[in-house]
Amino acid sequence: MGVTPWVLAIDAGNSKSDVAFVGEDGSVLASARGPGFQPQRVGAGAAFDGLASTIGDALASAGLVIDGVRHVSACLAGADFPSEEAELAAALHARAWGRTVQVRNDTFAILRAGVDEPRGVAVVCGAGINCVGMLPDGRTARFPSVGRISGDWGGGSGLAEEAMWFAARAEDGRGELTELARALPAHFGLGSVYALVEALHLGRIPAGRRHELTPVLFAASAAGDPVARSVVERQAEEVVALATVALDRLDLLDEEVPVLLGGSVLAARHPQLNGRITELLAVKAPKAAVRVVTEPPVLGAALLGLDDAGAAEEARARVRAHYA
């Protein structure tokens, strides 16, 4: 005889996916981590096949046999528009992993993981940048966040590209001098930005290593390079712009409310970046409480699932304790 978990929680980002089966009382019955979820690149079918494998790993590791799941709470990369959420939800229904399904963008998992109730705003700055807000009554604030075509600026990839832009122009005379022109190629053992551009363009340095340029940018900024500092300053302004608009849409600008910072760039706690964000938000939203999210996003997916299923507060406390 199998068990019937209340929630199958899924946090599926571009680089990794986490799943957890959660009982009615908030106990985590099984969990596993697998590869990233990239439906736009490989197609929804193949992306969900990958999730199915991770789910199988979770059940096998716990020796668990289930008689279905009441609710699937899936926070997924690639769910940037309501139409995409609907398409991904339909694909999940077809898998019959649970009686009901709720699909959200994966940024909501980070927000819910960091708050005791579904109320607040989260800005995520990892490879890209995104922001969401939510209230207990179900209202949300969100942005498409699909790159420059939706008005976005920054994130780790964007910062690396911006650093290269300034470095290249400094070296060839089109722009102002900056330490980035030396530091960026030196990181890869090269003697010029020209050589670095050539290596990146021809694939001698894999595209996946471009993110390594972002910490070099922050190091140059911390050392006082004006150009690098201007880039970091702009990133702080972009984070605050997103948070401020989301707070305003939810009528929270004058409320005591958490503003959570997540993603690899913000989790690194660069003093200039995070400190400037706090300074700027203190002017725009004086009562906002800014903090970096340290809880795993799959916790947020589980809490959202328990919210959807109407679980008791004790269940939410128990699942949070599991991931503490």
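Residues numbered from 1 in each chain as written. Predicted model: local features only at pLDDT ≥ 70, side-chain atom pairs only at ≥ 80, totals over all residues. Heavy atoms only, no water.

Colleague: Looking at this structure, I do not really get a nonpolar patch on the surface. What am I missing?
Modeller: On the surface, Phe81, Val146 and Ile149 cluster together into a nonpolar patch covering about 310 Å² of accessible area. Summarising the element assignment, isoleucine 149 is placed in the loop between strand S8 (140-142) and helix H5 (155-172). (Patch = residues over 30% accessible without salt bridge, like charges linked within 9 Å, V, L, I, M, F, W, Y side chains within 5 Å. Areas by Shrake-Rupley, 256 points an atom, 1.4 Å probe, with all protein chains shown as cover. Salt bridge = Lys/Arg side-chain N within 4 Å of Asp/Glu carboxyl O. Helix = DSSP H or I, 4+ residues; strand = E, 2+ residues; numbered from the N terminus.)

Colleague: It is not clear to me how the side chain of asparagine 274 should be interpreted in this structure. Could you clarify?
Modeller: Mapping asparagine 274 onto the fold places it in helix H11 (residues 271-284). From its side chain, asparagine 274 meets the backbone oxygen of leucine 266 in a polar contact 3.1 Å long. Those residues in contact with asparagine 274 that lie beyond four places of it in its chain are Leu261, Leu266, Arg269 and Val292. (Polar contact = N/O pair within 3.5 Å; in protein donor to acceptor, adjacent residues only side chain to side chain. Contact = heavy atoms within 4.5 Å.)

Colleague: Could you clarify how one ought to interpret the side chain of serine 221 in this entry?
Modeller: Following the sequence through the fold, serine 221 ends up in helix H8 (residues 213-222). Look at serine 221 and you get buried, because its relative accessible area is 1%. For serine 221, the residues in contact, after removing those within four places along its chain, are Ala228, Arg229, Val232 and Gln272. (Buried < 20%, exposed > 50% of the residue type's maximum accessible area, 1.4 Å probe, protein only.)

Colleague: Any chance you could explain the layout of surface pockets here in plain terms?
Modeller: A water-sized probe rolled over the atoms picks out the places where empty space is left. If you add up the space inside the second largest pocket, you get close to 240 Å³. What lines the second largest pocket is a set of 15 residues, and nearest its centre among them are Arg104, Met134, Gly138, Thr140 and Leu304. Put simply, the parts of the chain that give the lining of the second largest pocket at least two residues each are strand S5 (100-105), S8 and helix H12 (297-309). The residue inventory of the lining of the second largest pocket, partitioned by class, reads seven nonpolar, three polar and five charged. (1 Å grid on protein atoms, 1.4 Å probe; cavity = no way out; pocket = protein on both sides within 12 Å on 5 of 7 lines; lining within 4 Å. Points joined across faces, edges and corners; volume = space filled by probe spheres on them. Nonpolar A, V, L, I, M, F, W, Y, C, P; charged D, E, K, R; others polar.)

Colleague: Looking at this model, I keep getting lost on the packing of aromatic side chains. Mind explaining?
Modeller: For any two aromatic rings, the description comes down to two numbers: the centre-to-centre distance and the angle of the planes. Under the defined criterion, the tally for this structure stands at three aromatic pairs. Consider the rings of phenylalanine 37 and phenylalanine 48, whose centres lie 5.2 Å apart with planes at 65 degrees: the pair is edge-to-face. Taken as a pair, phenylalanine 37 in the loop between strand S3 (28-35) and helix H1 (39-42) and phenylalanine 48 in helix H2 (residues 44-62) lie far apart in primary sequence, 11 residues in all. The class of phenylalanine 37 is buried, set by a relative accessible area of 1%. On the accessibility criterion, phenylalanine 48 (1% relative accessible area) is buried. Between tryptophan 165 and phenylalanine 166, the ring centres sit 5.0 Å apart and the planes meet at 90 degrees, which makes this aromatic pair edge-to-face. With a relative accessible area of 44%, tryptophan 165 lands in the partly exposed category. Put simply, the rings of Phe37, Phe48 and Trp97 touch in pairs and so form one group of aromatic residues. Above the plane of the ring of phenylalanine 143 lies arginine 249, whose end atom (NZ or CZ) is 4.6 Å from the centre. (Phe/Tyr/Trp six-rings, centres within 6.5 Å; stacked < 30°, edge-to-face > 60°. Lys NZ or Arg CZ within 6 Å of the ring centre and 35° of its normal.)

Colleague: It is not clear to me how the state of the cysteines should be interpreted in this structure. Could you clarify?
Modeller: Formally, a disulfide is one covalent bond, and it connects the sulfur atom of one cysteine to the sulfur atom of another. In total, this model carries zero disulfides according to the counting rule given. Unpaired in this structure, cysteine 125 has its nearest cysteine sulfur neighbour in cysteine 131, at a distance of 11 Å. For cysteine 125, a relative accessible area of 0% gives the class buried. (Disulfide = S-S within 2.5 Å.)

Colleague: How should the pairing of strand S2 (residues 16-22) be read in this particular structure?
Modeller: Residues in a regular strand point their side chains to alternate faces of the sheet. The buried fraction of S2 is high, at six of seven residues. As paired elements, S2 and S3 share seven bridges and run antiparallel to each other. Within S3, the residue paired with serine 17 across the bridge is glycine 34. Here S2 hands over to S3 after five residues, with glycine 26 in that stretch at a positive phi of 90 degrees. (Pairing = 2+ DSSP bridges.)

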